[in-house]
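Listed here are the chains, written in short residue letters.
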There are 2 protein chains.
Amino acid sequence: MEERILKNYARLIARMGVNVQPGQDVWIEAELDQPAFVELLAEACYEVGARTVRVDWSHQPLQRLHTQYRSEEALAEVRTWEEEKLRDFAETLPCRVYLLSEDPDGLCGMDAAKFTAAQQRKRQIAKPYRDKAENRYQWCIAAVPGAAWARKLFGPVPDAQERLWKAILTASRAMDDPIATWEAHNRDLWTRCERLNSLGIRSLRYTAPNGTDLTVGMMPEGRFRGGAETSLRGIVFNPNIPSEEVFISPKRGEAEGVVCGTMPLSYQGQLIEDLRFRFEGGRVVEARAGKNEALLQKLVAMDEGAAFLGECALVPHDSPIQNAGLLFYNTLFDENAACHLALGAGFCDTVDGFENRSLEECRALGVNDSIVHEDFMIGCAGLNVDAETFGGETVPIFRAGNWAF
Amino acid sequence: MEERILKNYARLIARMGVNVQPGQDVWIEAELDQPAFVELLAEACYEVGARTVRVDWSHQPLQRLHTQYRSEEALAEVRTWEEEKLRDFAETLPCRVYLLSEDPDGLCGMDAAKFTAAQQRKRQIAKPYRDKAENRYQWCIAAVPGAAWARKLFGPVPDAQERLWKAILTASRAMDDPIATWEAHNRDLWTRCERLNSLGIRSLRYTAPNGTDLTVGMMPEGRFRGGAETSLRGIVFNPNIPSEEVFISPKRGEAEGVVCGTMPLSYQGQLIEDLRFRFEGGRVVEARAGKNEALLQKLVAMDEGAAFLGECALVPHDSPIQNAGLLFYNTLFDENAACHLALGAGFCDTVDGFENRSLEECRALGVNDSIVHEDFMIGCAGLNVDAETFGGETVPIFRAGNWAF
């Protein structure tokens, strides 16, 4: 990919993504796949005044080895200095960039039970620090092409990684003058949210020819959001590049009916296919899948909150990513190709006035809490969504997969 | 390079290099150059019973950016969690593997003053932890071919990295049955040390046609060592792969005369050429170089101990590495191509009975202390070394660059 385009992408992430402020620290997490791009990104952060940029590299194949050879105890271990690093994060709130490039099949065949159990124990230790930092720092997830990921999408061709660069940058609206493009895109998403929030939605009912018929309750205080967010310190940032969704955290405990997944879910390096949930009283009471059903059930059982919904996201069926006709096997992209729901943690910042509410208040209002947050796609060409308002009206939101208004 | 050979090399490092004991932790530091080899190495460590293997990746080009953009304050910063990690190391004593592959010119043109000042401040913080761990843990420095390093040696040819693999593995005696080869090699080095130690050497006098005439005093308690070492916990390990040298820490304060370098010194990513030191009372009183003299003088002035000798190492001129006719631009190899001295910290484990002596005692006997340890080559085809013994005899040690016995 041309260096000029990559530089623009790096600047998009640094300026629109995390929006580094002069004197801020930046932590970048990256696989080993694109070191030259990580250099561009680090430089883009320094250019706008970052005090320090730290890169934490990881290498997915080592995760397989660790899981194979370590005891569960050793795998779950968080050393004192690692916890101290979490504390440093929660106290100093550096900007965080997560550059994804993993092989979607990279963890296949691993001892998932051992890995999951260890992850769960580690997340329990990390959780108080994450909770403390929530909504207070700028973060951004974006992608770069890994070799194995590119091969998965395009086969063993020499230009696979170059093709994945193009797909990523196109889906991310980063090919041409990305900062101006993103400013316009954010205005569009903001306008849609304003419209939805003006309706006073009590519940959303999803229906589709595949058997989906699910009604999800909303909090009176709930507010749809999309695109840019604002941290509690008042800094606007874009947490996902790409982002096509308008989303809200539903009210915990209010979900009734059946919903069918419309795309495979890539979870812990494995694909869960043809998933189907039945909800009662907000909770998953039945979890089925055509492939990897046991893994799906493990996900649902991760903790008390993993069986409840944390997010409802609306994405038109003719979104740019869906139109690319490509399954990325990566949630960051695939979730922006279609309407989706998420099991697990909700977002406090979809509660009105969250700036002045504590985490506990938000949870008491109905924002779900969990150590997981897993999106699954339910959008399709036949999806209808109807809102029932607190005023008793029914308002069409989606018709045949696309916005009804 | 064939996977079979690389697996053997990984096992050499895991078993002979750090000699991982069941239940021990291993920390590997590596550049991004050879992730597949790092996987083999991690697996080799797990195979012999490592409890956890941790890999800390680094990427030299980022160091340039950090030095360019950070303030000296930010560059020198050691966060609380980083110091906690040092403490963890000093307390739990994991095995440490350092895999070198850096570009010898990778830091050229950087603000050396800022970088050095920051390094010095960071090392001051790290030093008490390193002192506490000294001689108590197993460590090993070995090399893998980086792309830029290979290009530097072999030019912009497609097989440069493959050629550097071969050069590294040959110099490291790792091409063929490396573990048996290293067992024999260690026996040979051990026999030479026994011979030297039986003489009771009071001083070594180096003379060569290039103007070198230097006499270096030895401690009565000094003991030559080479090849394998034994940690204070009784575990045998090989700290350098390759290692051709027999070495000793001289007595601080006893070095008189002039010594001329015979190979360029690669220091902080830059080459110091044609160096020449004059010593009085053990201290460098004049430091000259044909190229990068200012950098050499910075090295000598790093701290009080940087102007004193920490090591005298004997390597025959027809060593395997010298015979390869290749300047590696890397001290690990180049120091094993020729006799060398080091400025800076000495090694307590070349003091007789160091196991039962404190660090302070060793330093009082004459082991030099510094935050640096920089080898420089003085071996050449014309080098003679003579020992004066405590019994008053003069014994030839080297004649015309090679062992005299």
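Look a little higher up for the structure.
Here the residue numbers are simple positions, counted from 1 along each chain's written sequence. Working convention: letters from A go to chains and numbers from 1 go to ligands, in the order in which they are written. Totals for whole chains, interfaces and linings use all residues, but because this is a predicted model, local features are given only for residues with pLDDT of at least 70 and pairs of side-chain atoms are given and counted only at 80 or more. Side-chain numbers come from the whole structure's heavy atoms, not from hydrogens or water.

**Student:** Please give an account of the interface of chain A and chain B that cites residues and values.
**Tutor:** Contacts between chain A and chain B engage 31 residues on the former and 31 residues on the latter. Between chain A and chain B, roughly 3200 Å² of surface is buried when both sides are summed, and carbon and sulfur atoms account for 60% of that area. Taken as a group, Tyr46, Tyr69 and Trp81 of chain A account for 22% of the area that chain A buries against chain B, more than any other trio of residues on that side. What counts as a salt bridge is simple: a side-chain nitrogen of Lys or Arg found within 4 Å of a carboxyl oxygen of Asp or Glu. For the interface between chain A and chain B, the tally reads 6 salt bridges. Here a residue-residue contact requires only that any non-hydrogen atoms of the pair lie within 4.5 Å. We define buried area as the total accessible area lost by two parts upon association, computed with a 1.4 Å probe and summed across both.

**Student:** Give a description of the environment of Gly325 of chain B that names residues and reports values.
**Tutor:** Residue and element names in this part refer to chain B. For the purposes of this entry, the term helix denotes a DSSP run of H or I that reaches at least four residues, the term strand denotes a run of E that reaches at least two, and both are numbered from the N terminus. On the secondary structure map, Gly325 appears in the loop between helix 11 (320-323) and helix 12 (331-334). Look at Gly325 and you get exposed, because its relative accessible area is 64%. Each C-alpha atom of the pair Gly325 and Val351 lies 34 Å from the other, and the pair is 26 residues apart in sequence. Relative accessible area decides the class of each residue, using a 1.4 Å probe on protein chains only: under 20% of the type maximum gives buried, over 50% gives exposed, and in between gives partly exposed.

**Student:** Please set out the packing of aromatic side chains residue by residue, giving values where relevant.
**Tutor:** Classification of ring pairs uses Phe, Tyr and Trp, with its six-membered ring standing for Trp, and accepts pairs whose centres are within 6.5 Å; under 30 degrees between planes counts as stacked, over 60 as edge-to-face, and the remaining range as tilted. Taken as a whole and assessed by the stated rule, the structure comprises 29 aromatic pairs over all chains. Between the aromatic rings of Tyr69 of chain A and Tyr46 of chain B, the centroid separation amounts to 5.1 Å while the plane-to-plane angle is 5 degrees, which identifies the pairing as stacked. One end of the pair, Tyr69 of chain A, is in helix 3 (residues 60-69); the other, Tyr46 of chain B, is in helix 2 (residues 35-47), on a second chain. The exposure class assigned to Tyr69 of chain A is partly exposed, which follows from its relative accessible area of 27%. Among the residues examined, Tyr46 of chain B registers a relative accessible area of 4% and is labelled buried. Summarising the aromatic geometry, the rings of Phe89 of chain B and Tyr137 of chain B are spaced 4.8 Å apart at their centres and angled 90 degrees between planes, so their arrangement reads as edge-to-face. A residue pair is termed long-range when its members are at least 10 positions apart, and Phe89 of chain B in helix 5 (residues 80-92) and Tyr137 of chain B in the loop between helix 6 (112-133) and strand 4 (139-143) qualify at 48 residues. The exposure class assigned to Phe89 of chain B is buried, which follows from its relative accessible area of 2%.

**Student:** Residue-level account of the relation of the copies chain A and chain B, with values.
**Tutor:** Alignment of the copies relies on least squares applied to C-alpha atoms, considering only residues that score at least 70 for pLDDT in both. When chain A is brought onto chain B, the operation consists of a screw motion whose angular component is 180 degrees and whose axial shift is 0.0 Å, with 0.1 Å RMSD remaining. These values place the two chain copies in the arrangement generated by a two-fold rotation axis. Distance from the rotation axis, computed per C-alpha, reaches its smallest value in chain A at Trp81 of chain A: 2.5 Å. A shared binding surface is used by both copies, with 100% of the interface residues of chain A retained as interface residues in chain B.

**Student:** Can you tell me about the nonpolar core, naming the residues and giving the values?
**Tutor:** Each nonpolar core is a collection of buried residues, namely Ala, Val, Leu, Ile, Met, Phe, Trp, Tyr and Cys, held together in the definition by side-chain atoms within 4.5 Å. Grouped together as the largest cluster of nonpolar side chains are 109 residues, with contacts concentrated most on Tyr9 and Phe37 of chain A together with Tyr9 and Phe37 of chain B. Not counting chain neighbours up to four residues away, the residues in contact with Tyr9 of chain A comprise Phe37, Ala142, Ala143, Val144, Trp165, Ile168, Leu169, Ser172, Ala174 and Ile241 of chain A.

**Student:** A description of the environment of Lys85 of chain A should follow, citing residues and the corresponding values.
**Tutor:** Along the chain, the position of Lys85 of chain A falls in helix 5 (residues 80-92). Judged by relative accessible area, Lys85 of chain A falls into the buried class, the value being 16%. Taking the C-alpha atoms as reference, Lys85 of chain A lies 9.8 Å from Tyr129 of chain A; in sequence the two are 44 residues apart. Not counting residues up to four positions away in its chain, the partners in contact with Lys85 of chain A are Trp27 and Asp56 of chain A together with Trp81 of chain B.

**Student:** Residues and numbers for the pattern of salt bridges, please.
**Tutor:** Using the criterion set out here, one finds 65 salt bridges over all chains in the structure. With a closest N to O distance of 2.9 Å, Arg51 of chain B and Asp25 of chain B form a salt bridge. A residue pair is termed long-range when its members are at least 10 positions apart, and Arg51 of chain B in the loop between helix 2 and strand 2 (53-58) and Asp25 of chain B in the loop between helix 1 (3-17) and strand 1 (26-31) qualify at 26 residues. Judged by its relative accessible area of 12%, Asp25 of chain B is buried. Salt bridges sharing common partners tie together Arg276, Arg278, Glu280, Glu286, Arg288 and Glu293 of chain A.

**Student:** Just give me the short version of the pairing of strand 2 of chain B, but keep the residues and values in it.
**Tutor:** Every other side chain in a regular strand lies on the same face of the sheet, so the side chains alternate between the two faces. Residue and element names in this part refer to chain B. The side-chain alternation of strand 2 yields one buried face, formed by Val53, Val55 and Trp57, and one unburied face, formed by Arg54, Asp56 and Ser58. Think of it this way: DSSP has to see at least two bridges between two strands before they count as a pair. With 6 bridges connecting them, strand 1 and strand 2 associate as parallel partners. In the strand pairing of strand 2, Glu29 is matched with Asp56. When the strands point away from the viewer, a crossover counts as right-handed if the path from the first strand over the helix to the second runs clockwise. Between strand 1 and its parallel partner strand 2, the chain crosses via helix 2, and the hand of that crossover is right-handed.

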